[in-house]
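Report on the structure
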Amino acid sequence: MTETTPTTTLPRPLRVGRSRRWQVLPIMEIAVLAIGVLLPFVLKDYLTVYATRVLILCLFALSFDLVWGYAGIMSFGQAVFFGTAGYGVALIARDLGVTSILLVLPAGLLIGLAFALVLGGFLLLGRHPSSVIFVALGTLTGSYAADRVARGWYYLGGQNGIPSIPPMSLGSYDIVEGPVYYYLVLGILLLVYLVCRFLVRSQFGLALAGLRENEQRIAFFGYQVQRLKAIIFSFAGAIAGLAGSLYAFHEGFVWPNMLGVVMSTQVVLYVLFGGSGTLIGAVIGTVAIEAVSFWLSNDYQDIWPIILGVLLLLVILFRPAGLISLILGERERVGRFGRPPRERE
């Protein structure tokens with residue numbers, strides 16, 4: 001007879017995989033995109049024009065959310081990149097007669113990038129690390145200085161700015177305000193949003209999040225902290241420049257307020273109201289503030305700025321994470337980095 005040994009059944013390893021819970025953030029993004037695509041079909045023509053302006057401001061808000069919401073850089077003069085690009089493409093159209101979309105939009109992007117490189121190199125690439133207050137005051141000073149230069153320089157139109165900018169063109173077709181311009185801006189906003197989403201969910205985005213939370217620890221890990229800040233600062237400046245060039249051709253003129261402190265403060269409110277560090281929060285905050293402003297200015301013409309100010313104060317006071325925190329949890333705000341582990345049988 002042969003002796004048989006009993007077999008022991010090993011416990012099966014636990015399955016480790018991605019969570020099967022529904023993710024709220026992608027649903028929000030798809031819902032916002034669907035609303036944006038369908039909006040011109042239900043709006044009147046003048047409201048479509050206004051909605052196009054709001055989309056351009058959403059693009060501008062994305063640039064600020066990148067530097068503040070993800071890297072912790074308080075760029076309190078973000079409008080300097082927005083406005084200089086607007087003035088730049090306006091001068092190209094006025095003096096050179098160049099209005100091709102294939103030239104003016106890349107030119108606006110490069111102008112914003114160049115100014116951000118210069119200002120970021122001065123503020124961020126010094127021998128010693130720059131404090132948040134130093135960068136905030138430095139960018140604010142740059143915005144104020146650009147505003148004063150534009151108001152006092154006759155070549156730039158002085159207080160009146162540069163009016164009567166010809167429309168952008170694609171070949172022999174003029175791209176004027178209306179549904180065509182709306183969908184053009186929506187497409188550009190979607191493209192930039194996807195690029196930003198990929199960037200902040202990459203290893204580079206993880207390093208940026210580390211900068212925001214604990215800059216000294218990231219430096220201890222061997223990252224060149226100041227260079228990381230300069231890179232994201234310049235990238236955000238390029239996005240702001242793209243938004244400024246679109247805004248200039250949509251409005252048909254540029255003026256010093258595009259460069260100044262008021263516009264810089266406005267974009268901060270957009271991001272704080274919607275929720276910083278989420279990208280979609282910047283879009284929601286911009287749309288919400290502009291929609292409420294439009295409604296209040298029509299129905300309460302004398303006191304609407306006071307009502308809007310109180311509303312903003314209440315939201316920031318009771319919801320410091322912005323409107324998006326009402327439906328988006330903190331874990332999903334932070335996001336996942338890298339590939340999830342594979343399931344084991």
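Below or above, wherever it landed, is the structure these notes cover. (Residues numbered from 1 in each chain as written. Predicted model: local features only at pLDDT ≥ 70, side-chain atom pairs only at ≥ 80, totals over all residues. Heavy atoms only, no water.)

**A closer look at the overall build of the chain**
Check the secondary structure of the chain and you find 13 helices and 2 strands. Counting all 345 residues of the chain, 46% fall into the buried class. Across the chain, every contact between residues at least 6 apart in sequence was considered, and the portion connecting residues at least 24 apart equals 79%. Only carbon and sulfur atoms are counted for the fraction: they give 67% of the accessible area of the chain, which is about 18900 Å². (Helix = DSSP H or I, 4+ residues; strand = E, 2+ residues; numbered from the N terminus. Buried < 20%, exposed > 50% of the residue type's maximum accessible area, 1.4 Å probe, protein only. Contact = heavy atoms within 4.5 Å. Areas by Shrake-Rupley, 256 points an atom, 1.4 Å probe, with all protein chains shown as cover.)

**Quick notes on the side chain of Thr-278**
You can see Thr-278 is positioned in the loop between helix H10 (261-274) and helix H11 (280-299). Within the local environment of Thr-278, its side chain forms a polar contact with the backbone nitrogen of Gly-281, the two atoms lying 2.9 Å apart. (Polar contact = N/O pair within 3.5 Å; in protein donor to acceptor, adjacent residues only side chain to side chain.)

**A short note on the side chain of Glu-290**
Structurally, the position occupied by Glu-290 is in helix H11. Once residues lying within four places of it in the same chain are set aside, the contact partners of Glu-290 are Tyr-50, Val-54, Leu-57, Gln-266 and Tyr-270.

**Digging into the nonpolar core**
Ranked by internal contacts, the top residues of the largest apolar core, which has 95 residues, are Leu-59, Leu-66, Met-168 and Leu-246. With 15 residues, helix H2 (residues 45-70) is the largest single contributor of residues to this core. Among residues more than four places away in sequence, those in contact with Met-168 are Thr-99, Ile-101, Val-104, Leu-105, Tyr-173, Asp-174, Ile-175, Tyr-181, Leu-184, Leu-246 and Phe-249. (Core = buried A, V, L, I, M, F, W, Y, C linked by side-chain atoms within 4.5 Å.)

**Quick word on the packing of helix H7 (residues 203-213) against helix H9 (residues 225-251)**
Closest axis-to-axis distance for the H7/H9 pair is 11 Å, and the angle between their directions is 110°. On the basis of the axis angle, H7 is roughly perpendicular to H9. In this structure, H7 crosses over H9, and the sense of that crossing is left-handed. When H7 is examined against H9, the residues Phe-204, Ala-207, Leu-208 and Leu-211 are found in contact with a partner set consisting of Val-225, Leu-228, Lys-229, Ile-231 and Ile-232. By residue class, the composition of the contact of H7 with H9 is 8 nonpolar, no polar and 1 charged. (Axes fitted to C-alpha atoms, helices over the stretch in contact; angles between N-to-C directions. Parallel < 35°, antiparallel > 145°, perpendicular 65-115°, else oblique. Left-handed = near helix turned anticlockwise from the far one by under 90°. Nonpolar A, V, L, I, M, F, W, Y, C, P; charged D, E, K, R; others polar.)

**With respect to unusual backbone geometry**
Residues other than glycine seldom take positive phi values, yet Ser-164 does so here, at roughly 55°. Along the chain, Ser-164 turns up in the loop between helix H5 (132-152) and strand E1 (168-170). Within the chain, Leu-279 stands out as a residue other than glycine whose phi angle is a positive 70°. Mapped onto the elements of the fold, Leu-279 is located in the loop between H10 and H11. On the accessibility criterion, Leu-279 (0% relative accessible area) is buried.

**Considerations on the packing of aromatic side chains**
Following the criterion strictly, the structure yields 8 aromatic pairs and no others. Taken together, a centroid distance of 4.8 Å and an interplanar angle of 40° make the contact between Tyr-50 and Phe-294 tilted. Taken together, the residues span a long stretch of sequence, with Tyr-50 in helix H2 and Phe-294 in helix H11 at a distance of 244 residues. By relative accessible area, which is 16% here, Tyr-50 ends up buried. Taking 5.6 Å as the distance between ring centres and 90° as the angle between the ring planes, the aromatic pair formed by Phe-81 and Phe-233 counts as edge-to-face. Residue Phe-81 is located in helix H3 (residues 79-96), and its partner Phe-233 is located in helix H9; the two are separated by 152 residues in the primary sequence. We classify Phe-81 as buried; its relative accessible area is 0%. Looking at Phe-233, the relative accessible area reads 1%, which means it is buried. (Phe/Tyr/Trp six-rings, centres within 6.5 Å; stacked < 30°, edge-to-face > 60°.)

**Remarks on a nonpolar patch on the surface**
A cluster of nonpolar side chains, namely Trp-295, Tyr-300, Ile-303, Ile-306, Ile-307, Val-310, Leu-314, Leu-317 and Phe-318, defines an oily patch on the protein surface of about 910 Å² accessible area. Given a relative accessible area of 57%, Ile-306 falls into the exposed group. (Patch = residues over 30% accessible without salt bridge, like charges linked within 9 Å, V, L, I, M, F, W, Y side chains within 5 Å. Salt bridge = Lys/Arg side-chain N within 4 Å of Asp/Glu carboxyl O.)

**Concerning the environment of Leu-33**
Topologically, Leu-33 is positioned in helix H1 (residues 24-42). Put simply, Leu-33 and Leu-186 are 153 residues apart on the chain and 8.8 Å apart in space, counted from C-alpha to C-alpha.

**Overview of H2**
Look at H2: 37 Å from first C-alpha to last across 26 residues, which is about the 38 Å you get at 1.5 Å a residue. Phe-64 marks where H2 bends most, by close to 30°. Among the 26 residues in H2, 22 count as buried, and that is most of the element. A positive backbone phi angle near 70° is found at Gly-72, which sits one or two residues after H2. (Expected span 1.5 Å × (residues − 1). Bend = angle between axes of the 7 residues up to and from the residue.)

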